[in-house]
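# Fold and contact review
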Amino acid sequence: MKTIAISVQKGGSGKTTTAANLAAAIAARGKRVLLIDNDPQSSLTLYCNLSQEKTITDVYHGNAAIQEIVQDWNGIDVVPADILLSQVENEIAERKDRRNILHSALAKASQYYDCCVIDTAPGLGLLTVNALMASDHVIIPMEPNPADIWGLELFLSTLNRIRKAKPGLTYKILLTSYNDRLKLHQTAKEAVERRNLDLYPVTIARNVRTAEAWGAHKPLLAYDPGNKNNIAYKTIAEMEMHE
Ligand SMILES: Nc1ncnc2c1ncn2[C@@H]1O[C@H](COP(=O)(O)OP(=O)(O)O)[C@@H](O)[C@H]1O
Ligand SMILES: [Mg+2]
(Lines give C-alpha, C1' and ligand atoms only; values in the text may rest on other atoms or scores of the structure.)
(Ligands and ions follow the chains in the order given, each with its own letter.)
Protein backbone atom coordinates (compact mmCIF):
# COMPACT_ATOMS: atom_id res chain seq x y z
CA MET A 1 0.00 0.00 0.00
CA LYS A 2 1.32 3.40 -1.00
CA THR A 3 0.38 6.15 1.44
CA ILE A 4 0.08 9.74 0.25
CA ALA A 5 -0.44 12.69 2.59
CA ILE A 6 -1.98 15.89 1.24
CA SER A 7 -0.39 18.48 3.42
CA VAL A 8 0.65 22.10 3.88
CA GLN A 9 0.13 24.19 7.00
CA LYS A 10 -2.03 26.84 5.34
CA GLY A 11 -5.81 26.39 5.34
CA GLY A 12 -7.78 26.93 2.15
CA SER A 13 -5.05 25.74 -0.19
CA GLY A 14 -7.05 22.88 -1.67
CA LYS A 15 -5.94 19.97 0.54
CA THR A 16 -9.36 18.45 1.11
CA THR A 17 -10.47 18.97 -2.50
CA THR A 18 -7.27 17.31 -3.70
CA ALA A 19 -7.59 14.40 -1.24
CA ALA A 20 -11.16 13.55 -2.26
CA ASN A 21 -10.63 13.90 -5.99
CA LEU A 22 -7.25 12.20 -6.14
CA ALA A 23 -8.66 9.27 -4.15
CA ALA A 24 -11.51 9.06 -6.67
CA ALA A 25 -9.09 9.20 -9.61
CA ILE A 26 -6.99 6.38 -8.12
CA ALA A 27 -10.12 4.30 -7.44
CA ALA A 28 -11.19 4.89 -11.06
CA ARG A 29 -8.02 3.02 -12.07
CA GLY A 30 -9.42 -0.05 -10.34
CA LYS A 31 -7.29 0.39 -7.21
CA ARG A 32 -8.50 -0.30 -3.67
CA VAL A 33 -8.34 3.07 -1.93
CA LEU A 34 -8.44 4.07 1.72
CA LEU A 35 -9.11 7.76 2.40
CA ILE A 36 -8.48 9.22 5.85
CA ASP A 37 -9.75 12.47 7.34
CA ASN A 38 -7.02 13.51 9.77
CA ASP A 39 -8.37 17.02 10.35
CA PRO A 40 -10.56 17.95 13.37
CA GLN A 41 -12.41 20.43 11.12
CA SER A 42 -13.72 17.30 9.37
CA SER A 43 -14.09 18.96 5.96
CA LEU A 44 -13.45 15.70 4.13
CA THR A 45 -16.05 13.95 6.32
CA LEU A 46 -18.55 16.65 5.33
CA TYR A 47 -17.53 16.36 1.67
CA CYS A 48 -18.21 12.61 1.76
CA ASN A 49 -21.33 13.11 3.91
CA LEU A 50 -20.29 10.49 6.49
CA SER A 51 -21.56 9.59 9.95
CA GLN A 52 -19.25 10.68 12.78
CA GLU A 53 -20.22 7.93 15.19
CA LYS A 54 -16.81 6.23 14.98
CA THR A 55 -13.91 8.33 13.75
CA ILE A 56 -10.14 8.55 13.47
CA THR A 57 -10.20 9.88 17.05
CA ASP A 58 -11.15 6.34 18.16
CA VAL A 59 -8.16 5.02 16.22
CA TYR A 60 -5.77 7.42 18.01
CA HIS A 61 -7.32 6.37 21.33
CA GLY A 62 -6.77 2.70 20.46
CA ASN A 63 -10.52 2.04 20.68
CA ALA A 64 -11.04 1.02 17.06
CA ALA A 65 -9.16 -0.43 14.11
CA ILE A 66 -9.35 1.42 10.78
CA GLN A 67 -10.95 -1.59 9.15
CA GLU A 68 -13.85 -1.56 11.65
CA ILE A 69 -14.88 2.05 11.03
CA VAL A 70 -14.50 2.71 7.31
CA GLN A 71 -17.55 3.98 5.42
CA ASP A 72 -18.13 3.68 1.68
CA TRP A 73 -17.98 6.76 -0.53
CA ASN A 74 -18.14 5.96 -4.26
CA GLY A 75 -16.27 2.69 -3.82
CA ILE A 76 -13.62 4.24 -1.56
CA ASP A 77 -13.24 3.26 2.11
CA VAL A 78 -13.22 6.49 4.12
CA VAL A 79 -12.34 7.04 7.78
CA PRO A 80 -14.18 10.11 9.09
CA ALA A 81 -12.94 12.66 11.63
CA ASP A 82 -14.70 14.69 14.30
CA ILE A 83 -13.97 17.76 16.38
CA LEU A 84 -12.69 15.66 19.33
CA LEU A 85 -9.65 14.94 17.20
CA SER A 86 -8.48 18.44 18.18
CA GLN A 87 -7.82 17.15 21.72
CA VAL A 88 -5.76 14.21 20.55
CA GLU A 89 -2.56 16.24 20.16
CA ASN A 90 -2.57 17.02 23.90
CA GLU A 91 -3.63 13.52 24.86
CA ILE A 92 -0.79 11.80 23.02
CA ALA A 93 1.90 14.42 23.69
CA GLU A 94 3.61 12.36 26.41
CA ARG A 95 3.45 9.02 24.63
CA LYS A 96 6.67 7.50 23.35
CA ASP A 97 4.97 6.45 20.11
CA ARG A 98 3.22 9.83 19.68
CA ARG A 99 4.59 10.37 16.16
CA ASN A 100 3.78 6.86 14.90
CA ILE A 101 0.25 6.07 16.10
CA LEU A 102 -1.34 6.51 12.68
CA HIS A 103 1.51 4.59 11.05
CA SER A 104 0.88 1.57 13.32
CA ALA A 105 -2.89 1.71 12.74
CA LEU A 106 -2.38 1.84 8.96
CA ALA A 107 0.04 -1.10 9.02
CA LYS A 108 -2.84 -3.31 10.16
CA ALA A 109 -5.09 -2.16 7.29
CA SER A 110 -2.47 -2.06 4.55
CA GLN A 111 -3.14 -5.58 3.24
CA TYR A 112 -6.62 -4.49 2.08
CA TYR A 113 -5.58 -1.50 -0.04
CA ASP A 114 -3.33 -0.45 -2.89
CA CYS A 115 -3.28 3.16 -1.82
CA CYS A 116 -4.10 5.35 1.17
CA VAL A 117 -4.71 9.10 0.87
CA ILE A 118 -4.58 11.19 4.06
CA ASP A 119 -6.15 14.64 4.25
CA THR A 120 -4.35 16.65 6.92
CA ALA A 121 -5.20 19.54 9.21
CA PRO A 122 -3.67 22.96 8.63
CA GLY A 123 -0.78 23.50 11.02
CA LEU A 124 2.36 21.56 11.80
CA GLY A 125 1.28 19.82 15.01
CA LEU A 126 1.41 16.19 16.07
CA LEU A 127 -1.58 15.19 13.93
CA THR A 128 0.24 16.35 10.81
CA VAL A 129 3.46 14.72 12.02
CA ASN A 130 1.54 11.43 12.40
CA ALA A 131 0.26 11.76 8.81
CA LEU A 132 3.74 12.51 7.45
CA MET A 133 5.37 9.68 9.43
CA ALA A 134 2.76 7.27 8.04
CA SER A 135 3.33 8.34 4.43
CA ASP A 136 5.55 7.44 1.49
CA HIS A 137 4.81 10.63 -0.42
CA VAL A 138 3.49 14.13 0.30
CA ILE A 139 1.50 16.26 -2.10
CA ILE A 140 1.77 19.93 -1.18
CA PRO A 141 -1.13 21.90 -2.66
CA MET A 142 -0.34 25.57 -3.04
CA GLU A 143 -1.94 28.64 -4.53
CA PRO A 144 0.73 30.40 -6.52
CA ASN A 145 0.92 33.71 -4.67
CA PRO A 146 3.74 35.29 -2.64
CA ALA A 147 2.21 34.67 0.81
CA ASP A 148 1.78 30.97 0.09
CA ILE A 149 5.35 30.65 -1.15
CA TRP A 150 6.49 32.08 2.17
CA GLY A 151 4.31 29.53 3.99
CA LEU A 152 5.79 26.81 1.82
CA GLU A 153 9.29 27.51 3.17
CA LEU A 154 8.04 26.95 6.70
CA PHE A 155 6.36 23.70 5.74
CA LEU A 156 9.40 22.42 3.87
CA SER A 157 11.63 22.94 6.89
CA THR A 158 9.27 20.78 8.98
CA LEU A 159 9.08 18.23 6.20
CA ASN A 160 12.85 18.09 5.91
CA ARG A 161 13.12 17.42 9.66
CA ILE A 162 10.74 14.48 9.24
CA ARG A 163 12.70 13.28 6.22
CA LYS A 164 15.77 12.92 8.41
CA ALA A 165 13.88 10.21 10.34
CA LYS A 166 12.24 8.95 7.13
CA PRO A 167 14.64 9.44 4.21
CA GLY A 168 12.39 7.66 1.70
CA LEU A 169 9.62 10.23 2.08
CA THR A 170 9.19 12.09 -1.23
CA TYR A 171 7.18 15.19 -2.03
CA LYS A 172 5.87 17.25 -4.92
CA ILE A 173 4.11 20.58 -5.14
CA LEU A 174 0.71 20.89 -6.82
CA LEU A 175 -0.36 24.35 -7.91
CA THR A 176 -4.05 24.78 -7.09
CA SER A 177 -6.41 27.51 -8.19
CA TYR A 178 -3.91 28.26 -10.91
CA ASN A 179 -4.69 30.81 -13.59
CA ASP A 180 -1.97 31.07 -16.21
CA ARG A 181 -3.38 34.40 -17.43
CA LEU A 182 -2.54 36.04 -14.10
CA LYS A 183 0.90 37.64 -14.00
CA LEU A 184 0.94 37.06 -10.22
CA HIS A 185 0.50 33.32 -10.67
CA GLN A 186 3.07 33.11 -13.47
CA THR A 187 5.63 34.97 -11.37
CA ALA A 188 4.96 32.77 -8.35
CA LYS A 189 5.25 29.62 -10.46
CA GLU A 190 8.59 30.80 -11.81
CA ALA A 191 9.77 31.51 -8.26
CA VAL A 192 8.97 27.93 -7.24
CA GLU A 193 10.68 26.56 -10.35
CA ARG A 194 13.77 28.70 -9.72
CA ARG A 195 14.14 27.06 -6.32
CA ASN A 196 14.33 23.70 -8.07
CA LEU A 197 11.33 22.39 -6.17
CA ASP A 198 9.57 19.46 -7.70
CA LEU A 199 6.28 20.55 -9.30
CA TYR A 200 3.60 18.35 -10.85
CA PRO A 201 3.40 18.95 -14.61
CA VAL A 202 -0.34 19.60 -14.22
CA THR A 203 -2.15 22.30 -12.23
CA ILE A 204 -5.63 22.54 -10.70
CA ALA A 205 -7.67 25.43 -12.06
CA ARG A 206 -10.06 27.47 -9.97
CA ASN A 207 -13.54 26.70 -11.24
CA VAL A 208 -16.91 26.77 -9.63
CA ARG A 209 -17.86 23.21 -10.62
CA THR A 210 -14.96 21.88 -8.53
CA ALA A 211 -16.37 23.70 -5.49
CA GLU A 212 -19.94 22.62 -6.33
CA ALA A 213 -18.96 18.93 -6.38
CA TRP A 214 -18.20 19.33 -2.69
CA GLY A 215 -21.72 20.52 -1.88
CA ALA A 216 -23.10 17.65 -3.95
CA HIS A 217 -20.91 15.20 -1.95
CA LYS A 218 -19.56 13.78 -5.19
CA PRO A 219 -16.12 13.35 -6.71
CA LEU A 220 -15.61 15.85 -9.53
CA LEU A 221 -15.30 12.83 -11.86
CA ALA A 222 -18.94 11.97 -11.14
CA TYR A 223 -20.30 15.51 -10.74
CA ASP A 224 -18.72 17.03 -13.87
CA PRO A 225 -16.93 14.34 -15.90
CA GLY A 226 -15.83 16.81 -18.59
CA ASN A 227 -14.14 19.18 -16.11
CA LYS A 228 -10.51 19.79 -17.07
CA ASN A 229 -9.40 19.37 -13.44
CA ASN A 230 -10.24 15.67 -13.82
CA ILE A 231 -7.41 15.36 -16.32
CA ALA A 232 -5.03 16.76 -13.69
CA TYR A 233 -6.28 14.41 -10.95
CA LYS A 234 -6.03 11.45 -13.34
CA THR A 235 -2.49 12.40 -14.34
CA ILE A 236 -1.38 12.58 -10.70
CA ALA A 237 -3.11 9.26 -9.98
CA GLU A 238 -1.21 7.70 -12.87
CA MET A 239 2.11 9.21 -11.80
CA GLU A 240 1.76 8.13 -8.18
CA MET A 241 0.57 4.61 -8.92
CA HIS A 242 3.44 4.17 -11.43
CA GLU A 243 1.61 2.89 -14.46
N1 LIG B 1 -10.03 24.24 -7.85
C2 LIG B 1 -10.97 24.86 -7.12
N3 LIG B 1 -11.87 25.67 -7.72
C4 LIG B 1 -12.81 26.30 -6.97
N5 LIG B 1 -12.93 26.21 -5.64
C6 LIG B 1 -12.05 25.42 -5.00
C7 LIG B 1 -11.03 24.69 -5.69
N8 LIG B 1 -10.31 23.99 -4.78
C9 LIG B 1 -10.86 24.25 -3.58
N10 LIG B 1 -11.90 25.10 -3.70
C11 LIG B 1 -12.73 25.66 -2.62
O12 LIG B 1 -11.87 26.39 -1.77
C13 LIG B 1 -12.15 26.13 -0.41
C14 LIG B 1 -10.90 25.57 0.29
O15 LIG B 1 -10.53 24.34 -0.33
P16 LIG B 1 -10.11 23.08 0.56
O17 LIG B 1 -9.89 21.96 -0.37
O18 LIG B 1 -11.09 22.88 1.67
O19 LIG B 1 -8.73 23.59 1.17
P20 LIG B 1 -7.98 23.10 2.52
O21 LIG B 1 -8.37 21.69 2.77
O22 LIG B 1 -6.53 23.28 2.20
O23 LIG B 1 -8.43 24.02 3.61
C24 LIG B 1 -13.33 25.17 -0.40
O25 LIG B 1 -14.50 25.92 -0.23
C26 LIG B 1 -13.30 24.54 -1.78
O27 LIG B 1 -14.59 24.18 -2.24
MG1 LIG C 1 -9.10 20.80 4.48
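Look above for the structure.
Residues numbered from 1 in each chain as written. Chains lettered and ligands numbered in written order. Predicted model: local features only at pLDDT ≥ 70, side-chain atom pairs only at ≥ 80, totals over all residues.

The next subject is the packing of helix α1 (residues 15-27) against helix α12 (residues 228-240). The interhelical angle for the contact between α1 and α12, taken along N-to-C directions, is 65 degrees, at an axis separation of 8 Å. Pair α1 / α12 crosses with right-handed handedness. For the pair α1 and α12, the contacting residues are N21, L22, A25 and I26 in the first and Y233, K234, I236 and A237 in the second. Among the residues making up the contact of α1 with α12, the classes are represented as six nonpolar, one polar and one charged. (Axes fitted to C-alpha atoms, helices over the stretch in contact; angles between N-to-C directions. Helix = DSSP H or I, 4+ residues; strand = E, 2+ residues; numbered from the N terminus. Left-handed = near helix turned anticlockwise from the far one by under 90°. Contact = placed C-beta atoms within 7 Å. Nonpolar A, V, L, I, M, F, W, Y, C, P; charged D, E, K, R; others polar.)

Time to look at the environment of D119. Checked against the element boundaries, D119 lands in strand β5 (residues 115-120). The exposure class of D119 is buried, given the 29 C-beta atoms found within 10 Å. Through-space distance from the C-alpha of D119 to that of S42 is 9.5 Å; in sequence the pair is 77 residues apart. Discounting residues that sit within four places of it in the chain, D119 has contacts with I6, K15, T16, A19, I36, D37, N38, D39 and L44. (Buried ≥ 20, exposed ≤ 12 C-beta atoms within 10 Å, placed from the backbone.)

Moving on to helix α10 (residues 208-215). Turning to α10, its buried residues are T210, A213 and W214. Buried residues in α10, looked at end-on, bunch into an arc of 105 degrees, giving them a common side. Across from the buried face of α10, at angles greater than 90 degrees, the exposed residues are V208, A211 and G215. Those residues of α10 hidden inside the fold are in contact with α1, α2 (43-47), α11 (220-223) and α12. H217 sits one or two positions beyond α10 and adopts a positive phi of about 60 degrees. (Arc of directions from axis to C-beta.)

Close to ligand 1 lie 16 residues, the nearest being K15, T16, T17, T210 and A211. Of all the secondary structure elements, the ones that give two or more residues to the shell around ligand 1 are α1 and α10. When grouped by side-chain class, the residues that make up the shell around ligand 1 number three nonpolar, 11 polar and two charged. (Near = placed C-beta within 6 Å.)

Strand order in the open sheet formed by seven strands is β3-β4-β2-β5-β1-β6-β7, and the pairing between neighbours is mixed. Two strands bound the open sheet, and with one partner strand each, they are β3 (71-73) and β7 (170-175). The sheet shows a mean angle of 25 degrees between the axes of neighbouring strands, direction not considered. Note: strand β6 (residues 137-142) against β7, six bridges, orientation parallel. Among the inter-strand pairings, I140 is bridged to a residue of β7, identified as I173. The strands touched by α1 within the sheet are β1 (2-6), β2 (33-38), β4 (76-79), β5, β6 and β7, with β5 carrying the most contacts at an inclination of about 170 degrees. Packing of helix α7 (residues 126-133) onto the sheet brings it into contact with β1, β2, β5 and β6, and relative to β5 it is tilted by some 160 degrees. (Pairing = 2+ DSSP bridges.)

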